[in-house]
Structure formats: C-alpha cells, structure tokens
Amino acid sequence: MTRHRVCGVSEVASNAMKPFAMGRGTVLLTRLPSGEIKAVGSRCPHQGANLEHGCVTGHAYSDQPNVLLMDRPGQILRCPWHGFEFDLSSGESVADHGKLRLRRFNVEIEGDDVFIVM
Amino acid sequence: MLLIDADVHESFAGIRDLVPYLKEPYREWIERGAWRGFSQPFAYTSPGAGNRADVRNADGSASVSDYGVMRRQLLDTYNQTYAVLTGYFYPTMLKLQYGLSSALAAAYNDYVAEHWLAKDKRFIGSIQINARDPEAAAREIDRMAAHPQIKQVMLPVVDDIAYGHPMYRPIFEAAERHKLVIALHHTILAEGPFGMGLHYIERHTLLPTSMMAEVISLILNGVFDGYPSLRFIILEGGFSWLPHLMWRMDREYRQGRVEVPWVKKLPSQHMRERLRFSTQPAEDLTGDQWLKLIDLMGSDEFLVFSTDYPHFDFDDPRVSIPRSLPDDLQEKIFWKNGAALYGLEAPVQ
Ligand code: FES
C-alpha cells in the first residue's frame, strides 16, 4: 500500500474537478456538499476525455414527462465530451447503472493534507 | 406446431356494411353516400392490387371480406392456432369530423365482432379507435374490452401523429386498465421523413422509418415508464432495424438523459421487456442472418410470426422463416412469443 500526498485540504474545491499530480499521472479531486473529498481518475471511462473540464452538477429526475427536477446538487459529474453522467459518490454512470464507472481512489485526510492511498 | 399469426387483415365489402352499426346522424350520412370511405393516394403495382391475386370469391371477383375464403386459404391451410385480426380500416385517418371518426370506429368494432370474431374461435380481435379524440377512444376501449376474443388496441400510424404526445395518454390508460396490447400498424397515409417519395416502392420501403419514429416518441416521452404493464407490438414495420435503434437510443440516453429523466431505463431495456415485432415482411433473410440478427437484438423473444394475409406481400409460414433455425427458436417465433404477449394458451383438443 502506498500513500501519496496530493494537496492541502483547502485546495480542493466544490462544484469543480481540480487536477493534482500523483506520481506520473493526474488525479481529480472535488468536495461533495457533505464536505467529503472524492478522488477520481482524470480519464472518462467512455472515450477518455479529460474530466477536469467536466461539469459538476445535480441529478436530474422526474416521474412526470415534461417536468424536470434536480436533486443531489454537486454530486454528479458530466463528461466534457458526450455528457455522460457519473455519480461522484459511487463512481457509477447514472444512465446505465454502473456499466461504466469512474476510476476511484481512496482518500485519507491527515491534518491539512490530502492523501491518496493505493 | 402451434402457430399464432399476428397480422391478418379482415375487411368489409364496402363502407355501407357499417350502416347497421352506425349511430345517427352518421348512419344517415353514410347511407346517402356522404362519404365513400378511404382511398389510397397511390396505385398498387402488385397483380392483385394490394392483395394476393389468388384471394378470390367463387365467381372470380376479388375477395376482401369473405370469412370462408380466409378460413380456407389461411386458417386451415396453415393450421393456424390463432389469427389476430388487425383490420385496415383506421378511422384515425380522418383528419376532421372526430364524431364521425369515433362512430365509424365503434361501428367497425361491432361489425367485426359479428361478422368475424363470432365465426371462429381462432380469431383474436383488435379494437379500432379514433386516436384523434383520445377520451372517446378510451371510452371505445372500455366498451369493447370485455369481449373475450379481444386482446389489443390498434394504433394506426398516420402522417401527423407520434403517440408519445401527452394528449394520447387516455388511450394508454384504458389499454393498461384492460390489460390490452398496443399494436402499431401503418396506414395508407404513413410516410417517411420526406414524405412518401415519388413511387409506391419508395413509400413501401420507407414504412419502417415511421415505426422507428413512433418507438422513439413512445419511449422518450415516457409512455413505457408511465404505463409499466403495457406491452407493444410493431406490425408490418420490419424488425431488422431494431439493433440500430437500440444502440442509437442507448447512446443518446447516456448522453442526454438529463432532458428526459422520466425515462428510467435504457431504451434497449424497455424494448426487450415490452416491445415485440411481427415478422412479415421477413426480408428473405437466410438462416444465418436470422441468427446473427437475433444475437444483435440480445433476445429471442422479440419476434412474433405474421402473414399479413390477404395482402400481396404475404409471408408463407412454411418458407419465410427458415427451417434451418433451431426448433426452440422456431417455437418461440411461431407460438411462444405471441402466446406470452396476448396471454394465449393452446386450445384444448
Ligand atoms: S468521453 Fe466521456 S462521455 Fe464520452
């Protein structure tokens, strides 16, 4: 098991995917509305778009045609290319319940430091 | 082998056959020749002018309404277990005078019950409606649904209606209430994206595109989600396009679900669970092509055999489905898939 310090806690933003170097690669960090910090791979599992440019948004839902509702703000990532939706909590794609999923990393916080554990 | 024929076109000899079943004032209108019925906006090019040329009465005249001829040429010749009557008189094609249209639908339903359904227990009936007045259509469904041979509602595909529009919901509510299948069938008004083309052959080749448009409309406007026990069959609209539509719609849904979140499943999943297709016209595929296609569809439960009797592009059950297909697949196409859709059991001998 290896631990990489990737950034300070205050550097992680809500409603955005911020890139940080991790070894030779990049990891994206975001802060959920609950305060929890999530770390995911920077490449979209669909065709590999850089998810740093994705849009962090809410979850569109409805039980009635032509009525659009939104819940879970700040918890869904939409890819900058084709707009596939990913649940930042589970990493799963929203439309097909997880057939595609984000690469996720375990995060540990120690003091002011954010670590990725691999 | 047990056999369900999912698309059989009964008819009347002429519009005046409906007079005894029409309510006033429309009875009087039709009686005095105020309207002479639908006429297709093109000429048929087949030898039998739209029908098989051998569908004839004893005197040699073309037969369009003779139960005896149909029994001999279809039900008995192919030893059919059930034949689903689907008509080709679709009052929804009238674009005005909704009261007349709804009255014609009711009259036609009563005519078919008396002149066709009552004559042979092998017939399964469809309810004709005027879809342009969905509330009246729902009342007609309520009126006819108790008939023990009736198992479905016909939704005719015309040139200005896609059935996902919210105004059609009463039709789906009524069909679901009575556990009836929704069947989509083209009409003489059905078009492709640029109309009918300039030739009958263009128009006939384009028909599947109108069915694709209906499936897209129904799923993306929430009809499959809103009526979760409702089942659908596409009649005479082809089926080899289905893999494309599943792939295309799933991709569109993955990237555009946010606009239609009332759709809760991948469109392909909705289709596998709830949509069926009649086989005719079977496009003369080889056995290998059938197997590849069914593999691409991801289910062997989509297809329900049909002949389209008495129309000219009739499929013979002994030839149109290759005998090289595995027995269990043939059994699904000829019997099991249709029996499951319509809730039919093998008749007690
Ligand atoms: S590359 Fe991300 S959705 Fe296609």
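Please read all numbers here as calculations on a predicted model, not as lab measurements. All residue numbers here refer to positions counted from 1 along the written sequence of the relevant chain. Key to labels: chains lettered from A, ligands numbered from 1, both in the order written. Only residues with pLDDT of 70 or above have their local features reported here, since the model is predicted, and side-chain atom pairs are shown and tallied only from 80 upward, although totals for entire chains, interfaces and linings are computed over all residues. In computing side-chain values, all of the structure's heavy atoms are included and hydrogens and water are not.

### Looking at the environment of B:Leu296
Residue and element names in this part refer to chain B. Tracing the backbone through its elements, the reader meets Leu296 in helix α10 (residues 287-297). Between the alpha carbons of Leu296 and Ser240 there is a distance of 9.6 Å; along the sequence they are 56 residues apart. Throughout, a contact is declared for two residues whenever any of their heavy atoms are within 4.5 Å. Excluding residues within four positions of it along the chain, Leu296 makes contact with Pro243, Met246 and Trp247. Helix numbers and strand numbers start at the N terminus; a helix is a DSSP run of H or I with at least 4 residues, a strand a run of E with at least 2.

### Considering the packing of aromatic side chains
A pair of Phe, Tyr and Trp rings is counted when the ring centres sit within 6.5 Å of each other, with Trp represented by its six-membered ring. The angle between the planes then sorts it: under 30 degrees is stacked, over 60 is edge-to-face, the rest tilted. In total, this model carries 29 aromatic pairs over all chains according to the counting rule given. Both rings, one in B:Trp35 and one in B:Phe89, keep their centres 6.4 Å apart while their planes meet at 50°; by these two values the pair is tilted. Remark: B:Phe89 occurs in the loop between β2 (82-85) and α3 (98-115) and B:Trp35 occurs in the loop between α1 (26-31) and α2 (67-76); sequence separation between them is 54 residues. Residues B:Trp35 and B:Phe89 agree in their burial class; the two are buried. Ring geometry for B:Phe42 and B:Tyr44: centres 5.4 Å apart, planes at 90°, overall edge-to-face. Burial here depends on accessible area, computed with a 1.4 Å probe over protein chains only, as a share of the maximum for the residue type. Under 20% is buried, over 50% is exposed, and the range in between is partly exposed. With relative accessibility at 16%, the residue B:Phe42 sits in the buried group. Among the aromatic residues, ring-to-ring pairing joins B:Phe12, B:Tyr21, B:Trp35, B:Phe38, B:Phe89, B:Tyr108 and B:Tyr111 into one connected group. Stacked on the ring of A:Phe115, the Lys or Arg A:Arg3 has its end atom at 4.0 Å from the ring centre. Throughout this description, the term charge over a ring refers to an Arg CZ or Lys NZ atom that lies within 6 Å of the ring centre and within 35 degrees of the ring normal.

### Comments concerning unusual backbone geometry
Residues and elements named next belong to chain B. Residue Pro281 is reached from Gln280 by a cis peptide bond, and omega for that bond is -5°. Along the chain, the position of Pro281 falls in the loop between β7 (275-278) and α10. A cis geometry characterises the amide bond from Tyr309 onward to Pro310, with omega recorded as 5°. Tracing the sequence through the fold places Pro310 in the loop between β8 (303-304) and α11 (327-342). Positive phi is not limited to glycine here, since Lys179 has a value of about 55°.

### A short note on the sheet that holds strand β5 (residues 181-186) of chain B
Residues and elements named next belong to chain B. A pair of strands counts as paired when DSSP detects no fewer than two bridges linking them. Within the open sheet, the eight strands sit side by side as β1-β2-β3-β4-β5-β6-β7-β8. Their pairing is parallel. Where the open sheet ends on each side, the last strands, each with one partner, are β1 (4-8) and β8. Across two bridges, the pairing between β2 and strand β3 (residues 123-127) is parallel. Residue pairing for β3: Val84 is matched across the bridge by Ile124.

### Focus on the interface of chain B and chain A
It is common to give the size of an interface as the accessible area that goes away when the parts come together. On the side of chain A, 21 residues touch chain B, which itself brings 15 residues to the contact. Note on chain B versus chain A: buried area summed over both sides is about 1500 Å², and carbon and sulfur give 55% of it. Taken as a group, B:Arg254, B:Arg257 and B:Trp262 account for 40% of the area that chain B buries against chain A, more than any other trio of residues on that side. When a carboxyl oxygen of Asp or Glu is within 4 Å of a side-chain nitrogen of Lys or Arg, the pair counts as a salt bridge. Scanning the region where chain B abuts chain A turns up three salt bridges. A:Asp63 is the partner of B:Lys264 in a salt bridge, and the nearest nitrogen-oxygen pair spans 2.9 Å. Under this definition, polar contacts are N or O atom pairs within 3.5 Å; protein pairs additionally need one hydrogen-donor-capable and one acceptor-capable atom, and for neighbouring residues in sequence, both atoms have to be side-chain atoms. At the boundary of chain B with chain A, the tally comes to six residue pairs in polar contact (both at pLDDT 80 or more). Its residues placed into classes, the side of chain B that touches chain A shows six nonpolar, three polar and six charged. When two components associate, each loses some accessible surface as probed by a 1.4 Å sphere; the sum of these losses over both components is called the buried area. By the convention adopted, Pro, Cys, Tyr, Trp, Phe, Met, Ile, Leu, Val and Ala count as nonpolar, Lys, Arg, Asp and Glu as charged, and the other residues, Gly among them, as polar.

### Things to note about the pairing of strand β8 (residues 104-110) of chain A
Residue and element names in this part refer to chain A. As paired elements, strand β4 (residues 37-41) and β8 share two bridges and run antiparallel to each other. Within β8, the position partnered with Val40 by the bridge is Arg104. If you look at the hairpin formed by β8 and strand β9 (residues 113-117), you'll find two residues sitting between the two strands, and Gly111 has a positive phi there, around 65°.

### A short note on a nonpolar patch on the surface
Residues and elements named next belong to chain A. Candidates for patches are residues over 30% relative accessible area with no salt bridge; among them, like charges are joined within 9 Å and nonpolar side chains (Val, Leu, Ile, Met, Phe, Trp, Tyr) within 5 Å. Every accessible area reported is derived by Shrake-Rupley at a probe size of 1.4 Å, with residue values counting cover from the shown protein chains alone. Taken together, the side chains of Tyr61, Val67 and Leu69 define a hydrophobic patch exposed on the protein surface, amounting to about 210 Å² of accessible area. Counting through the fold element by element, Tyr61 comes out in strand β5 (residues 55-61). When its relative accessible area of 31% is taken as the criterion, Tyr61 is described as partly exposed.

### With respect to the pattern of salt bridges
Applying the stated criterion to the full structure yields 26 salt bridges over all chains. Here A:Arg72 makes a salt bridge to A:Asp87, at a shortest N to O gap of 2.9 Å. Note that A:Arg72 is positioned in strand β6 (residues 69-78) and A:Asp87 in strand β7 (residues 85-87), a separation of 15 residues in sequence. A:Glu92 is the partner of A:Arg101 in a salt bridge, and the nearest nitrogen-oxygen pair spans 3.2 Å. Exposure remark for A:Arg101: the relative accessible area of 42% places this residue in the partly exposed category. The network of salt bridges with common partners includes B:Arg71, B:Asp76, B:Asp120 and B:Arg122.

### Brief notes about the packing of helix α8 (residues 242-256) of chain B against α10(B)
All names here are of chain B. Running from N to C, α8 and α10 point in directions that differ by 20°, and their axes come no closer than 9 Å. Between α8 and α10, the angle is such that the two are roughly parallel. Judged by the sense of rotation from one axis to the other, the crossing of α8 with α10 is left-handed. Listed contacts from α10 to Leu242, Pro243, Met246 and Trp247 of α8 are Leu293, Leu296 and Met297. Each residue belonging to the contact of α8 with α10 can be placed in one class, and the counts come to seven nonpolar, no polar and no charged. To obtain an axis, a line is fitted to C-alpha atoms, over the contacting stretch when the element is a helix, and the angle between two such axes runs from 0 to 180 degrees between their N-to-C directions. When describing relative orientation, an angle under 35 degrees is termed roughly parallel and one over 145 degrees roughly antiparallel, while 65 to 115 degrees is termed roughly perpendicular and anything else oblique. Each crossing is labelled by how the near helix is turned from the far one, with a counterclockwise turn of less than a right angle marking it left-handed and a clockwise turn marking it right-handed.

### Focus on the environment of A:Gly91
All names here are of chain A. Here Gly91 lies in the loop between β7 and β8. Residues Gly91 and Ala21 lie 70 residues apart in sequence; the distance between their C-alpha atoms is 20 Å. With residues up to four places along the chain from it excluded, the contact list for Gly91 reads Phe86, Leu100, Arg101, Leu102 and Arg104.

### Describing the sheet that holds strand β2 (residues 18-22) of chain A
Residues and elements named next belong to chain A. Sheet architecture is open: six strands sit in the order β1-β9-β8-β4-β3-β2, paired in antiparallel fashion. Two strands bound the open sheet, and with one partner strand each, they are β1 (3-8) and β2. In this sheet, neighbouring strand axes are inclined to one another by 35° on average, regardless of whether the strands run parallel or antiparallel. Pairing geometry for strand β3 (residues 25-31) and β4, over five bridges, is antiparallel. In the sheet register, Arg31 faces β4, and the bridge partner there is Ile37.

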